[in-house]
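# Breakdown of the fold
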Amino acid sequence: MSDPIKVRFWGTRGSIPAPGPKTQGFGGNTPCVEISMGGQLLICDAGTGIRELGTHLAKQASGRPVQGEIFITHTHWDHIQGFPFFMPAYMPGNKFRIHSAHGVARSFEKIFRGLMDPAYFPVALGDMASKLDFVEITGPLAYGDVKVQTTFSNHPGVNLAYRFDYDHRSVVYLTDHETYQTMHQPTDFAVKQDRLIMEFCKDADVLICDAQYTDEDYRIKKGWGHSRYRDTVALGMTAGVKRLVLFHHDPWHEDALLEKIEAESRDLIKQAGGKMECLAAREGQILEI
Ligand SMILES: [Zn+2]
Ligand SMILES: [Zn+2]
């Protein structure tokens with residue numbers, strides 16, 4: 001048996017933190033997913049969930065240096081706002097590479113550093129004592145035996161989706177994405193773009209995917225860059241994904257509604273004769289592959 005890949009959810013909520021008794025089942029922290037794969041520590045997004053991940057990593061390391069690869073989908077607040085509270089970044093000896101795409105008019109590094117501009121935060125990023133390197137992704141990467149590929153998703157601004165492959169297993173992290181055909185009707189362009197996204201997700205063992213909206217939400221929020229869960233289920237099935245994780249939960253969706261969305265997604269799969277596993281991401285949950 002090859003070494004297991006572990007996926008742990010530290011933040012599952014989209015747009016803004018939504019703490020409180022009505023959301024504690026699925027969690028209120030914004031996106032942060034830890035993937036342990038092939039001896040590498042991979043961190044997807046630095047939403048508020050990264051604070052607890054930091055505490056966990058520091059405890060686990062008990063004084064030994066921590067090294068990790070952080071992959072930011074895009075610099076909307078909910079995906080970066082936890083970074084100033086990521087304690088391992090303050091500790092000398094630790095090393096993190098922070099990846100994303102070049103921004104619309106500025107470099108990724110410049111935008112990311114702006115998060116800790118004195119107008120917004122008392123400590124500058126340059127005062128964090130760990131070694132922080134910025135990587136603007138321009139093509140496939142490899143860390144150890146882990147292959148990293150990216151593609152652009154359909155979201156206002158620039159947003160990357162990530163695919164991690166290791167030892168014939170794969171995890172895809174595709175959040176903040178609106179299916180093209182739902183947004184544009186089935187034009188040639190939309191069909192082609194959806195096909196490219198489907199190929200990117202092809203046969204993934206785990207697809208963690210934006211499923212923020214119900215049909216009712218979507219009527220008002222079309223074009224905002226998020227998918228209806230029914231479209232996410234269809235994408236997972238077409239791509240032959242083994243396990244689909246509904247992600248980036250709407251801040252207004254309380255636990256009862258998310259349970260309903262999870263059950264309805266499973267019904268959709270069953271009705272279509274599919275075998276794909278499907279679950280809505282819960283903060284604290286660990287998946288093994
Ligand atoms: Zn988001
Ligand atoms: Zn966004």
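Quick caveat, the model's predicted, so the values are computed rather than measured.

## Re the overall build of the chain
Check the secondary structure of the chain and you find eight helices and 14 strands. Computed over C-alpha atoms, the radius of gyration of the chain comes to 18 Å, within 12% of the 19 Å expected from 2.2 N^0.38 for 289 residues, which places it in the range of a compact globule. Taken along its principal axes, the extent of the C-alpha atoms in the chain is 55 × 50 × 40 Å. Within the chain, the fraction of its 289 residues that count as buried is 45%. Contacts spanning at least 24 positions in sequence make up 70% of the contacts within the chain whose residues lie at least 6 apart.

## Quick word on the nonpolar core
If you look at the biggest cluster of nonpolar residues, it comprises 64 residues, and the most contacted ones within it are Val172, Cys201, Leu207, Ile208, Cys209 and Leu246. With five residues, the single largest contributor to this core is strand 9 (residues 160-166). Contact partners of Cys201, with chain neighbours within four places excluded, come to Val172, Leu174, Leu207, Leu235, Ala239 and Val241.

## Looking at the sheet that holds strand 7 (residues 141-143)
Strand order in this open sheet of seven strands is 7-8-9-10-11-12-13, and the pairing throughout is mixed. Since the sheet does not close on itself, it has two edges, and those belong to strand 7 and strand 13 (277-280), each with one partner. Neighbour-to-neighbour, the strand axes of the sheet open up by a mean angle of 20°, direction not taken into account. Bridging between strand 9 and strand 10 (residues 169-174) involves five bridges; their strand directions are antiparallel. Each residue of the ladder has a partner; that of Tyr166, found in strand 10, is Arg169. Sitting on the sheet, helix 8 (residues 255-271) is in contact with strand 12 (243-247) and strand 13, with an inclination near 165° to strand 13.

## Concerning the sheet that holds strand 2 (residues 32-37)
Judged by pairing direction, the sheet is mixed, and its seven strands sit side by side in the order 6-5-4-3-2-1-14 without closing on themselves. A strand with exactly one partner marks an edge of an open sheet, and here the two such strands are strand 6 (131-136) and strand 14 (286-288). Across the sheet, the mean angle separating the axes of adjacent strands is 20° when strand polarity is ignored. Of the strand pairs in this sheet, strand 1 (residues 6-11) and strand 14 are connected by three bridges, and their pairing is antiparallel. The residue bridging Val7 from the neighbouring strand is Leu287, located in strand 14.

## Here we look at the pairing of strand 12
Looking along a regular strand, one sees side chains alternate from face to face of the sheet. Counting buried positions along strand 12 yields four of five residues, so the element is predominantly enclosed. With four bridges connecting them, strand 12 and strand 13 associate as parallel partners. Within strand 13, the residue paired with Leu246 across the bridge is Ala280. Running through helix 8, the crossover from strand 12 to the neighbouring parallel element strand 13 is right-handed.

What counts as what
Residues numbered from 1 in each chain as written. Chains lettered and ligands numbered in written order. Predicted model: local features only at pLDDT ≥ 70, side-chain atom pairs only at ≥ 80, totals over all residues. Helix = DSSP H or I, 4+ residues; strand = E, 2+ residues; numbered from the N terminus. Rg over C-alpha atoms; globule rule 2.2 N^0.38 Å. Buried ≥ 20, exposed ≤ 12 C-beta atoms within 10 Å, placed from the backbone. Contact = placed C-beta atoms within 7 Å. Core = buried A, V, L, I, M, F, W, Y, C linked by C-beta atoms within 7 Å. Pairing = 2+ DSSP bridges. Axes fitted to C-alpha atoms, helices over the stretch in contact; angles between N-to-C directions. Right-handed = clockwise from strand over helix to strand, strands pointing away.

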